[in-house]
Every structure is written in structure tokens, then in C-alpha cells.
Amino acid sequence: MSRPKPLVAALAVATIAATALSACSSSSAKKTNGGTGGGTGGVFTSIDANNKITAGAPMNPYNAAPNMFLGYNIMELGFTKNDPADPNALLPGLAASWTASDTGLTIQLQPGAKWSDGTPVTAADIKTSLAIAYTQGTAGPVAGAGGTVVAGSNFEVSDVKDLGGGKIEIDQQPGVKNLYFQRLVLTSTIVNDKVYGSQLPADIWTQIAAVQGTDAAAASAASTKLAAEGKTIAAFAPAKDISAGPFVETRVNPGEALLDRNPYFYAASKISPKQVILRSYSGNQQIWGYMNGGELDYAPYTSMPTNILNQVLKAGYTRIDAPSYVSASIAFNEKQAPYNLTPVRQALAYVIDRDAVTKVGEPVGGIAAPTTTGLVGSQSDTILSADQKAALNPYKPDPAKAASLLQGAGFTKDASGQWHLPDGTPWKITLQTVNGFSDWIAASTIVANELTQFGIPTTAAITADFATYQKEMGAGKYAVGWWLVALGPQTDKAYARIYGSADGFSVANGQATHNDSAAGNWEHTPATYTVNGQSINPGQLAAQLSVTPVSAQGPIIAQLAAATNQEVPMIQIWNYTHVMFTLDKRFTNYPKTGQDDLLANPPGVWMMQGYVQGK
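Rules used throughout
Residues numbered from 1 in each chain as written. Predicted model: local features only at pLDDT ≥ 70, side-chain atom pairs only at ≥ 80, totals over all residues. Heavy atoms only, no water. Pairing = 2+ DSSP bridges. Helix = DSSP H or I, 4+ residues; strand = E, 2+ residues; numbered from the N terminus. Axes fitted to C-alpha atoms, helices over the stretch in contact; angles between N-to-C directions. Contact = heavy atoms within 4.5 Å. Domains from an automatic or database assignment. 1 Å grid on protein atoms, 1.4 Å probe; cavity = no way out; pocket = protein on both sides within 12 Å on 5 of 7 lines; lining within 4 Å. Points joined across faces, edges and corners; volume = space filled by probe spheres on them. Nonpolar A, V, L, I, M, F, W, Y, C, P; charged D, E, K, R; others polar. Buried < 20%, exposed > 50% of the residue type's maximum accessible area, 1.4 Å probe, protein only. Polar contact = N/O pair within 3.5 Å; in protein donor to acceptor, adjacent residues only side chain to side chain. Core = buried A, V, L, I, M, F, W, Y, C linked by side-chain atoms within 4.5 Å. Phe/Tyr/Trp six-rings, centres within 6.5 Å; stacked < 30°, edge-to-face > 60°. Lys NZ or Arg CZ within 6 Å of the ring centre and 35° of its normal. Parallel < 35°, antiparallel > 145°, perpendicular 65-115°, else oblique. Left-handed = near helix turned anticlockwise from the far one by under 90°.

*Asks:* Help me understand the sheet that holds strand 8 (residues 167–172) in this model?
*Replies:* In space, the four strands of this open sheet follow the order 5-6-8-7, with antiparallel pairing throughout. Looking at strand neighbours, the two that pair on one side only are strand 5 (95–101) and strand 7 (157–164), the edges of this open sheet. Each strand axis lies, on average, 20° off the axis of its neighbour in the sheet, ignoring direction. Of the pairings in the sheet, the one linking strand 7 to strand 8 comprises six bridges and is antiparallel in character. When the bridges of strand 8 are listed, D162 appears paired with I168. The sheet contacts of helix 3 (residues 123–135) involve strand 6 (104–109), strand 7 and strand 8, and relative to strand 7 the element is tilted by about 170°.

*Asks:* Could you clarify how one ought to interpret the environment of A403 in this entry?
*Replies:* With respect to the helices and strands, A403 occurs in helix 14 (residues 399–408). Sequence separation between A403 and W440 is 37 residues, and the spatial gap between their C-alpha atoms is 26 Å. The residues touching A403, leaving out its near neighbours within four places in the chain, are W419 and F454.

*Asks:* Explain the pairing of strand 11 (residues 256–261) here, please?
*Replies:* Here is the key point about a regular strand: its side chains alternate between the two faces of the sheet. Two elements, strand 10 (residues 247–253) and strand 11, share six bridges in a ladder whose sense is antiparallel. If you follow E249 over to strand 11, its bridge partner there is L259. Between strand 10 and strand 11, which pair antiparallel and follow one another directly, the connecting turn spans two residues. As paired strands, strand 11 and strand 12 (residues 275–279) are joined by five bridges and run antiparallel to one another. Paired with L259 across the two strands is V276, which belongs to strand 12.

*Asks:* Can you walk me through the domain arrangement of the protein in this structure?
*Replies:* The accessible area lost on association of the parts is a frequent measure of interface size. Assigned domains within the protein: domain 1 (43–235) and domain 2 (324–410 + 421–576). For domain 1 and domain 2, the distance between their C-alpha centres works out to 34 Å.

*Asks:* Mind showing me how you'd approach empty space enclosed by the protein here?
*Replies:* In this approach a probe as big as a water molecule rolls over the atoms, and the regions it shows empty are the leftover space. Tallied over the entire structure, the rule returns four cavities of 30 Å³ or more. Roughly 140 Å³ of volume is contained in the largest cavity. M68, V191, Y196, D241 and I242 are, among the 19 residues lining the largest cavity, the residues nearest its centre. Elements with a contribution of two residues or more to the lining of the largest cavity: strand 9 (189–190) and helix 5 (193–196). Looking at the lining of the largest cavity, its residues break down into 13 nonpolar, four polar and two charged. Computed from the structure, the second largest cavity encloses a volume of approximately 60 Å³. Lining of the second largest cavity is provided by I330, F332, L348, I352, I429, L431, V447, L451, V480 and I571. For the lining of the second largest cavity, the secondary-structure elements that each account for two or more residues are strand 14 (317–332), strand 18 (429–434) and helix 15 (438–454). Residue classes in the lining of the second largest cavity are distributed as ten nonpolar, no polar and no charged.

*Asks:* Just checking my understanding: could you explain helix 18 (residues 538–545) for this structure?
*Replies:* Helical geometry: 3.6 residues make up each α-helical turn, so side chains three or four residues apart lie on a common side. Where burial is concerned, most of helix 18 is hidden: seven out of the eight residues are buried. Turning to helix 18, its buried residues number three or more, namely P538, G539, Q540, L541, A542, A543 and L545. Where helix 18 begins, the side chain of N537 points an oxygen toward the backbone nitrogen of G539, at a separation of 3.0 Å.

*Asks:* So what exactly am I meant to see when it comes to the nonpolar core here?
*Replies:* Proteins that are soluble and globular tend to have nonpolar side chains buried together. Counting 78 residues, the largest nonpolar core has L348, W427, W440 and W482 as the members making the most contacts within it. Within the second largest apolar cluster, 75 residues are counted, among which are F181, V185, V211 and L226.

*Asks:* What is the right way to read the packing of aromatic side chains from this model?
*Replies:* Centre distance and the angle of the planes are the two values used to describe a pair of aromatic rings. In total, this model carries 22 aromatic pairs according to the counting rule given. Counting every residue linked through ring pairs, the aromatic cluster contains F437, W440, F466, Y469, Y478, W482, W574 and Y576. Across from the ring centre of Y281, 5.1 Å away, lies the NZ or CZ of K52, which sits over that ring. The ring centre of Y290 lies 5.1 Å from the NZ or CZ of R279, which sits over that ring.

*Asks:* Teacher, can you tell me more about the side chain of S46 here?
*Replies:* In this structure, S46 sits in strand 1 (residues 43–46). When neighbours within four sequence positions are excluded, S46 is seen to be in contact with I277, L278, R279, L296 and Y298.

*Asks:* Where do I start with the packing of helix 3 against helix 6 (residues 204–212) in this structure?
*Replies:* A pair of packed helices can be characterised by two numbers: the angle between their axes and the separation between those axes. The contact between helix 3 and helix 6 brings their axes to 10 Å, and the two run at 50°. By the criterion of interaxial angle, the relationship of helix 3 to helix 6 is oblique. Crossing geometry of helix 3 relative to helix 6 is assigned as left-handed. Residue-level inspection shows K127, A131, Y134 and T135 of helix 3 in contact with helix 6, the latter providing I204, W205, I208, V211 and Q212. Partitioned by chemical class, the residues of the contact of helix 3 with helix 6 number six nonpolar, two polar and one charged.

*Asks:* Before we go on, may I ask you to explain the sheet that holds strand 11 in this structure?
*Replies:* By definition, the strands of a sheet pair up through backbone hydrogen bonds, in either a parallel or an antiparallel sense. An order of 1-12-11-10 is seen for the four strands of this open sheet, with the pairing classed as mixed. The open sheet has two free edges, formed respectively by strand 1 and strand 10, since each of these has just one partner strand. Across the sheet, the axes of successive neighbouring strands diverge by a mean angle of 20°, strand direction being ignored.

If you want it as C-alpha cells, here you go:
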């Protein structure tokens, strides 16, 4: 995934990467959270971290900047728990239950599931929504035409059948076995067929069949058509919001979006707020201002210094922590000397004091990374054996070791204490970061100080925005810069962040190919490493994770962790914590630390389960 939106550093990351540790079904929540509901709780005010309000944007979830909000008026069949042990684990959404089989999935819609116009949610809505997914690139194809696909980021649905009584069969393309088919289908956005169906051509499922077929030319032509139709869908502007969620959007202006409680929502009795207001924001400071004024009932994570945390807590907010499978790192372009040398990257790892950097860069939501493995520490700890963990180099600050490594690589130090490259050139580093990424910027000053004191004059440079940063990094303009890694909890995704497209690897059917000249390859690590006397292909190992059940991934992860720790293609600096804040002033009964399955989702999903009741 991409870096979270810059003005709310680590916010989207935390949402995506939170982990589920406890099971929570709608029925269990009802037993413990049977609030009065029914819209008696007043106005709930928050911000949407992942989706800022965009003036003039349509109420269309497929638009690039939609004025639509997950869990409030965007609905899914199920909501992720982000459970690393079971990536298919979900909370109920529009589907009350589901049964997976080798050929697909059978779901049972929530009894009484209706749209905000009072009409029922039907199989036609599900079928239209899954067809639209093909036009948006979130469904297949995941391999060449007719290929036997074992896994992928996209799902392959071949048909949707109405079995009656709210039961719907969703068939997976014959010959395809995607380990995550259940999760990918259930977390698809569900829209109203009466609103969106007319935007699709009558032969949409014929096109889908063609793109899944064995005729490569027909598949290519169908794929082109689907992509063009996807643009039409994304630009569509419905006249009004028709929502199957707990709220329906009734007004949007540049300052806020107003959503009213949907009286037809299947669990309307659990929904306490009569309205939700989602505020616009320009940056972290504005969000902090809202909180200091007690204006937000819930605030997602914003990167903040300790003094701001204290102000927020003093204003009456309660901090809630949940796991986050994201790590901030310093990455290298190994095509630019001297970062192609393993001893250089190892030496820098010995120079940078991760504890000191984290205390300044991410004092509230950061935990100094115990070492570099490609996964956050809490995840690698559950996978690696004691011996495997003991074999990892923690790279504790040790200037003497760093100096020894550099000297062994031919570097020299002059009388002033500055290090020189083997060719005699004075070594200087420019550490690239991004405007608005307050944690990276603050951390860069500490890293620069540490490296400069060691004898490598280092300056921090700031790119104007994240889009430019990604573009320029992809073009190979930066030798050293910040990057997010360990984007789990799905381990293949985590390692693909290092050994994926940014490193010249492409994956199909669990097989990786490497092209050092591929567009977007800015890491330029070698295609193979030698680790513990064995040659390994990290891109292929990462690809294997995508086709390997979680229970069998341990040996693969052990190799990747050892290789990443030895070669240090990136230095993990800190692991994020998903920190949220709630205000127990107008509403109460929020999920608490430990309820990680709920906390992986926005408050609208909490409300569906009976949480967030008016006082």
C-alpha cells in the first residue's frame, strides 16, 4: 500500500494494519452493548482519515476522491479483522454469515437488509457490485488468460446466483484457488443495482467471462473494455446517496459532510447517533485544534509530539491502542554508490540509534524497531523460533563496528573526522523526506545529527508532496529516503513492499520474475542473496508467501527475515502503533484497547455492533 495521507501521518496505515486479537460477533456485541440506539444519541462528530472531504466530488465510492465514508454510508459484506493468523477472518457486514468452499462462497444477507430508500438489498446488488469490481481493477484477471491461479490480490468471480431467502452463491472461476477469495469478495464495496446497474453494459458478464477465458486476444480486448467502463463508473455522479449503511449522506460542503441515520438500516436499533458530521481538515494542527476544543467524539491517529498528546488527554480524550503492522524505515537506492555495498548499509544501521530517533520522530505512536526483518517485531516474534530470533543482528548502536565495516570496505577517515568513499570522495548523505510527514521530518533531524557526528555530513531534504516523492523515488532520484515497510498483517504484502515492484520483481501465479530495468524499480537490490551458505531469491520467496497458507509460511519467512536482517536493504526505525482517541462526553461505550478486530475499522462499524451510545 501507499504511504498514508501526508497530513495525517500513519493514519491510514494504522487503519489498514491493525490486528485482530479477539473474536467479536454481532451477537456477542449485542449481549454486552445493548444501548438504547435508535438515533437518540445526538450528533457524532469525527474526521475520516482515509478520505478527506473533497468539494464537488460525487457521492460515488469508486471515484478517486469520493465524498463517501466506509462504515457510515459505504458498506461491505464483511469488515476486516486484520488478523495475521487468519487473513480471512471478518466481522459481519451486509452478510450475516458465510460459508466458504473450494468453488466459492455462499453468503446469507442480514435479515431486513435495506437501502435508505426502503428497498431490500438483493442478489442483483451484489452481482452488480462484483461486476463493477472488475472495471476498477480490484477483481481479476490475476494471471494470463486461462491460467490456473493460486493466489492474488484480486479475486476471480465467475457468477453470482440468487438462491432465495437472502442466500447468495458467489462462484470462483473454475481452476482458480485464491487463498484470500473469501476476504477479497466480502470486503468489496456494495452499491445499489438500481443506481449503478445502468452504468454497466448489458454484456458485462460476457466481458468478464472473456477476460477469464483461454483466448488471449479476446481476453485482452475485454480487459480494455472493462478498464474504459471503469473510468465511466468512477466519473458517475448519483443524484443522491442511496446507502445500505447505518447513515445516508444528506449534505456536503467544503467544511463538512452531514450524514443522517438510515432508518432502514438492518440494525438501526443499535445506532445511537441521529447524525454524523465528518469535518474537513487541512493538517494535523487543525485536527489537534478540534481535539483541544473537545469538538471530535472520535479522532483517528495523527502523528503528534508528546506535548500535543498531553494537551489532548487534558482535554478529556481517552487513548486507545491497537496493533499496527507498519514500520517506518530508511531505504536505499543500491544503484547509487556506496549503497550497493552491504557493509555500508550495515554500518549505517550501527550508527543510527533507533530509540533516540523514535523518541523524537514518533514519540506517541512509535516503538523503536528491535531490528530489521521486513516484519514488525510483534509479528516476527510469533513466527520465528527462539534460535532464529537469536541469530538476528539487532544492530545496536556501535560506532566502532560501523567504522570497522567501512574500513573493511575501503573507506577512509580524514583528519577532521569525515569519512571518504574508497575513491577518496568525501562522503555526504542527503536524507529525503516529505512535506507534511511530521514524524519523518522530525526523525530526519536526529538521524542527520547522528550521521554527521559519526563523520558523514548529512542533510535532510523535503519533497513538496507525497505524489512527487513517489514519482521521484521511482525514477531513482533519491539515494537515501524514508519508506514504509512491513505492511501486513498479510506477510506476502509485507515482503512485497521490499522485494516487489519497487525492486524490479513482478509476480504471476506465485512465480516472481526480476527485471532490474523495470519501471519503478528504485531499490535495485540483487536478484539473489547468499544467506547461511544458501543462495535465495527474496522476490520468489515473497511470491511464494502469496500462495502458501499462513500455517505453512514459517520456513519461508525465516529465510526472508534472515536475508533482510543480513543485507539491510532498508533499516527499520520504528514500528507504528494504531493510536486513537475517543471523548466520553456526548457518547460512551467505545471499544477498548484489546478489541482489535473492532478497532481495525472506523466507528461506523463499531456502531453496527452496538457500540457508541449517547449519554
